[in-house]
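Here are the chains, one letter per residue:
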Amino acid sequence: MKYRTVFDIIGPVMIGPSSSHTAGAARIGRVARTLFGQKPDRADIYFYGSFAKTYRGHGTDVAIVGGVLDFDTFDTRITEALTIAKDQAIEVNFHEEEAITDHPNTAKVVLTKDGESIELVGISIGGGKIEIIELNGFVLRLSGNHPAILVVHNDRYGVIASVSNVLAKYEINIGHMEVSRKERGKEALMVIEVDQNVDDSILLQLEKLPNIMNVTKIHD
């Protein structure tokens, strides 16, 4: 694993006890909430590997629910996240999974509200860092540590170029980009990590491009 600064080694300012089991879990939950874009009525959380064995003792349960509530890693309300979720009428269900995953600290978050849902799989890789490895069945790699744009689109030629041209027009530099599709010529997902936060007006321009179905963002 490569670290860019001393803060990557020390880890984030956070509610303890563990950067991987609490800060990482909180970030996974918060990315799910950000992409869902609204408070869910229900959160189903599936823990795998080490998470499944230790989530109660290490506070992974309250941390990931805190993220779903849109709390940052240092927010002291995380310790009361389960109670707060209940007060906000959010049904929370934890599931301990026995399936073997590639990474021991793996969690799947499924958020639902009024027939809408999102399913996200994330891993906590240490020091509070995470990777989102699956979103609604699309395989991807998203760090959650940088601003990002997620574009759901029809798998057609020219779509990637048209999105890139809009970003270049506003001098938005792309740090990482990848495209995932379930089937050739069908729905695809473009994930673009950028160097600065993207204004909503630019997202609206992207949404108006041909073959674009949905655009959302993760802010810094």
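Whatever comes next refers back to the structure up there.
Residues numbered from 1 in each chain as written. Predicted model: local features only at pLDDT ≥ 70, side-chain atom pairs only at ≥ 80, totals over all residues. Heavy atoms only, no water.

Draft legend 1. Here's a closer look at the packing of helix α6 (residues 159-169) against helix α7 (residues 200-207). The geometry of α6 relative to α7 is characterised by a closest axis approach of 10 Å and an angle of 155° between their N-to-C directions. When the interaxial angle is binned, α6 and α7 end up roughly antiparallel. Read as a crossing pair, α6 and α7 show a hand that is right-handed. Residues Val163, Val166, Leu167 and Lys169 of α6 touch α7, and the partners they reach there are Ile202, Gln205 and Leu206. Its residues assigned to classes, the contact of α6 with α7 shows five nonpolar, one polar and one charged. (Axes fitted to C-alpha atoms, helices over the stretch in contact; angles between N-to-C directions. Helix = DSSP H or I, 4+ residues; strand = E, 2+ residues; numbered from the N terminus. Parallel < 35°, antiparallel > 145°, perpendicular 65-115°, else oblique. Left-handed = near helix turned anticlockwise from the far one by under 90°. Contact = heavy atoms within 4.5 Å. Nonpolar A, V, L, I, M, F, W, Y, C, P; charged D, E, K, R; others polar.)

Draft legend 2. Up close: the sheet that holds strand β3 (residues 105-113). Taken together, the six strands give an open sheet; going across it, the order is β2-β1-β3-β4-β5-β6, and neighbouring strands pair in mixed fashion. Whereas interior strands pair on both sides, the edge strands pair on one side only; in this sheet they are β2 (91-96) and β6 (138-142). Geometrically, the sheet is characterised by an average inter-axis angle of 20° between neighbouring strands, direction not taken into account. In the sheet, strand β1 (residues 42-48) pairs with β2 via six bridges, with the strands oriented parallel. The residue bridging Arg42 from the neighbouring strand is Glu91, located in β2. Helix-sheet contacts for helix α4 (residues 60-68) involve β1, β2 and β3, and the interaxial angle to β1 is about 140°. (Pairing = 2+ DSSP bridges.)

Draft legend 3. Molecular detail of the environment of Leu167. With respect to the helices and strands, the residue Leu167 is situated in helix α6. Taking relative accessible area as the criterion, Leu167 reaches 0% and is therefore assigned buried. Residues Leu167 and Gln205, spaced 38 residues apart in sequence, show a C-alpha to C-alpha distance of 9.9 Å. Setting aside residues up to four positions removed in sequence, Leu167 forms contacts with Ile149, Ile172, Ile174, Ile192, Ile202 and Leu206. (Buried < 20%, exposed > 50% of the residue type's maximum accessible area, 1.4 Å probe, protein only.)

Draft legend 4. Seen up close, the pattern of salt bridges. Going through the model one piece at a time under the given rule, you end up with nine salt bridges. A salt bridge links Arg56 to Glu96, with the shortest nitrogen-to-oxygen separation between them at 3.3 Å. You can see Arg56 sitting in the loop between α3 (49-54) and α4 and its partner Glu96 sitting in strand β2, a full 40 residues away along the chain. You can call Arg56 exposed: its relative accessible area is 59%. The shortest N-O distance in the salt bridge between Asp75 and Arg77 comes to 2.7 Å. On the basis of relative accessibility, which here comes to 15%, the residue Asp75 falls in the buried class. Its relative accessible area of 43% is what places Arg77 among the partly exposed residues. Overlapping salt bridges, with partners in common, bring together Arg30, Asp70 and Asp72 in one network. (Salt bridge = Lys/Arg side-chain N within 4 Å of Asp/Glu carboxyl O.)

Draft legend 5. Representation of the packing of aromatic side chains. Taken as a whole and assessed by the stated rule, the structure comprises four aromatic pairs. With centroids separated by 5.8 Å and ring planes inclined at 80°, the aromatic side chains of Phe47 and Phe51 adopt a geometry described as edge-to-face. Each of the two residues, Phe47 as well as Phe51, counts as buried. A ring pair is formed by Phe47 and Phe94, whose centres lie 5.9 Å apart and whose planes are at 10°; its orientation type is stacked. Of this pair, Phe47 sits in strand β1 while Phe94 sits in strand β2, and the two are 47 residues apart along the sequence. Classification of Phe47 as buried rests on a relative accessible area of 0%. Take Phe94: its relative accessible area is 27%, and that puts it in the partly exposed class. An aromatic cluster is built from Phe47, Phe51, Tyr55 and Phe94, whose rings are joined through pairwise contacts. (Phe/Tyr/Trp six-rings, centres within 6.5 Å; stacked < 30°, edge-to-face > 60°.)

Draft legend 6. Quick look at the nonpolar core. If you look at the biggest cluster of nonpolar residues, it comprises 42 residues, and the most contacted ones within it are Ile64 and Leu150. With seven residues, the top contributor of residues to this core is helix α2 (residues 19-36). Once you skip the residues sitting within four places of it in the chain, Leu150 turns out to touch Leu35, Leu135, Leu142, Leu189, Met190, Val191, Asn214, Val215, Thr216 and Ile218. One finds Ile149, Leu167, Val198 and Val215 within the second-largest nonpolar core, a separate group that totals 17 residues. (Core = buried A, V, L, I, M, F, W, Y, C linked by side-chain atoms within 4.5 Å.)

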